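These are the residues of each chain, in order.
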Amino acid sequence: MKYMLLIYANQETWAQFGPDEVAKAIAEQDAFNKEFFDTGELLAAYGLADAEQATVVRVRDGVPAVTDGPYLEAKEYLASYYVLDVDSEQRAQEIAARMPFASFRGVEVWPILHEAGAEM
């Protein structure tokens, strides 16, 4: 079964780390990624740009409107996501607990219920 791991953060989260700590965190995350890519359980891992670079598209009366977003007033935004293919929810939770960022941020574990194109 496939699961998505979601990590939320904000600018304050990243601002608390100095350059050496950022380099260490990236190295730890790269080692985590390699370990689980090698087992075949990690299918994808993506870190997202800062919220300031994101936009929101809404369609009203058939006309798309693009705005800045997500709204920076929000305390947290989606910072990265991972896709797992594992035997059980317990295994997904075990992998989430091993994620280096889990020591200071929560990691959400979501079952993926539908995969577009999988039935083809």
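Calculation criteria
- Residues numbered from 1 in each chain as written.
- Predicted model: local features only at pLDDT ≥ 70, side-chain atom pairs only at ≥ 80, totals over all residues.
- Heavy atoms only, no water.
- Helix = DSSP H or I, 4+ residues; strand = E, 2+ residues; numbered from the N terminus.
- Buried < 20%, exposed > 50% of the residue type's maximum accessible area, 1.4 Å probe, protein only.
- Areas by Shrake-Rupley, 256 points an atom, 1.4 Å probe, with all protein chains shown as cover.
- Lys, Arg positive; Asp, Glu negative; His and termini not counted.
- Charge placed at Lys NZ, Arg CZ, Asp CG, Glu CD.
- Pairing = 2+ DSSP bridges.
- Axes fitted to C-alpha atoms, helices over the stretch in contact; angles between N-to-C directions.
- Contact = heavy atoms within 4.5 Å.

J.: Just to check I follow, could you spell out the overall build of the chain for this structure?
T.: Helices and strands together make up the secondary structure of the chain, namely three helices and six strands. Across the chain, helices and strands are ordered from the amino to the carboxyl terminus as β-α-α-β-β-β-β-α-β. Taken over the C-alpha atoms alone, the chain extends approximately 45 × 45 × 20 Å along its principal axes. By residue count, 27% of the 120 residues in the chain fall in the buried class. Put simply, the chain shows about 8,100 Å² of open surface, and 55% of that area lies on carbon and sulfur atoms. Counting 9 positive and 21 negative side-chain charges, the chain places the averaged centre of each group 2 Å from the other.

J.: Where do I start with the sheet that holds strand β1 (residues 2-9) in this structure?
T.: What holds strands together in a sheet is hydrogen bonding between their backbones, with the strands either parallel or antiparallel. Taken together, four strands build an open sheet; the order of strands is β2-β5-β1-β6 and the sheet is antiparallel. At either end of the open sheet lies a strand with only one pairing partner, and these are β2 (42-47) and β6 (107-111). Averaged over all neighbouring strand pairs, the angle between strand axes comes to 20°, with direction disregarded. As defined by bridge partners, β1 adjoins β6 across five bridges and the pair is classed as antiparallel. Across the sheet, residue L6 finds its bridge partner in β6, namely E108. Helix-sheet contacts for helix α2 (residues 19-39) involve β2 and β5 (77-85), and the interaxial angle to β2 is about 155°.

Function-wise, these values are silent; they only describe arrangement.
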